[in-house]
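Take a look at the letters that make up each chain.
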Amino acid sequence: MTNPADVSSIDAIINAAYDVISGPAGTLRDWERERSLFFPGARMIPTAMKPGENESGLAPQFLDTESYIARVEPFFQANGFYEKEVARRVEEFGRIAQVWSTYESRHNENDPEPFMRGINSFQLFNDGTRWWIVNIYWQHESADYPIPDKYL
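Anyway, here's the lowdown on the structure attached to this text.

Rules and cut-offs
- Residues numbered from 1 in each chain as written.
- Predicted model: local features only at pLDDT ≥ 70, side-chain atom pairs only at ≥ 80, totals over all residues.
- Heavy atoms only, no water.
- Phe/Tyr/Trp six-rings, centres within 6.5 Å; stacked < 30°, edge-to-face > 60°.
- Helix = DSSP H or I, 4+ residues; strand = E, 2+ residues; numbered from the N terminus.
- Expected span 1.5 Å × (residues − 1).
- Bend = angle between axes of the 7 residues up to and from the residue.
- Buried < 20%, exposed > 50% of the residue type's maximum accessible area, 1.4 Å probe, protein only.
- Contact = heavy atoms within 4.5 Å.

Before going further, it helps to spend a moment on the packing of aromatic side chains. Per the stated rule, a full pass over the model turns up ten aromatic pairs. Relative to Phe-115, the ring of Phe-81 lies with its centre 6.3 Å away and its plane at 65°, an arrangement referred to as edge-to-face. Of this pair, Phe-81 sits in the loop between α3 (65–78) and β3 (82–93) while Phe-115 sits in the loop between β4 (96–106) and β5 (116–126), and the two are 34 residues apart along the sequence. For the pair Trp-100 and Tyr-151, a centre-to-centre distance of 5.6 Å together with 50° between the ring planes defines the contact as tilted. Highlighted residues: Trp-100 in strand β4 and Tyr-151 in the segment after β6 (131–140), separated in sequence by 51 residues.

Written out as structure tokens, the structure is:
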């Protein structure tokens, strides 16, 4: 069941997307809440290296919601994971929005430094009643690809 507060605005749906995946190790995430944020057929697309390759082997990996859950659930069982947004750029036209959301990831909420940073590219759709996530496409920061100042 969708929480109307999670999908009432761009701010609300982005905050819900980060909140639902964050938590301590061994804590089952609220996957029904996660599913309620995504338009049917939506994709989550990490830009990841192929096994055994360096960053020249980066490529998008297309996941539906169920594939994403299956991919991250073992990691979340073994590791705390807290992801928060640290900067945002939004562009809207009609019923669509593009959100560049810079994130930091920590194993514990109070870790002084993130173990990872990156940028999520959210594509959103408003059906006249609520916002939906159509895609999240992301890449982690690395020495070869530092986050540009305009996204911090």
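Text resumes after the structure shown.
Helix length check: α3, at 14 residues, gives a terminal C-alpha distance of 20 Å against a target of 20 Å (1.5 Å per residue), a fit within 8%. Approximately 35° is the largest bend angle found in α3, and it occurs at Val-72, with the proline Pro-74 only one to four residues beyond. Turning to α3, its buried residues number three or more, namely Thr-65, Tyr-68, Ile-69, Val-72 and Phe-76. Among the structural elements, α1 (10–21), α2 (31–37), β1 (38–49) and β6 are those in contact with the buried residues of α3.

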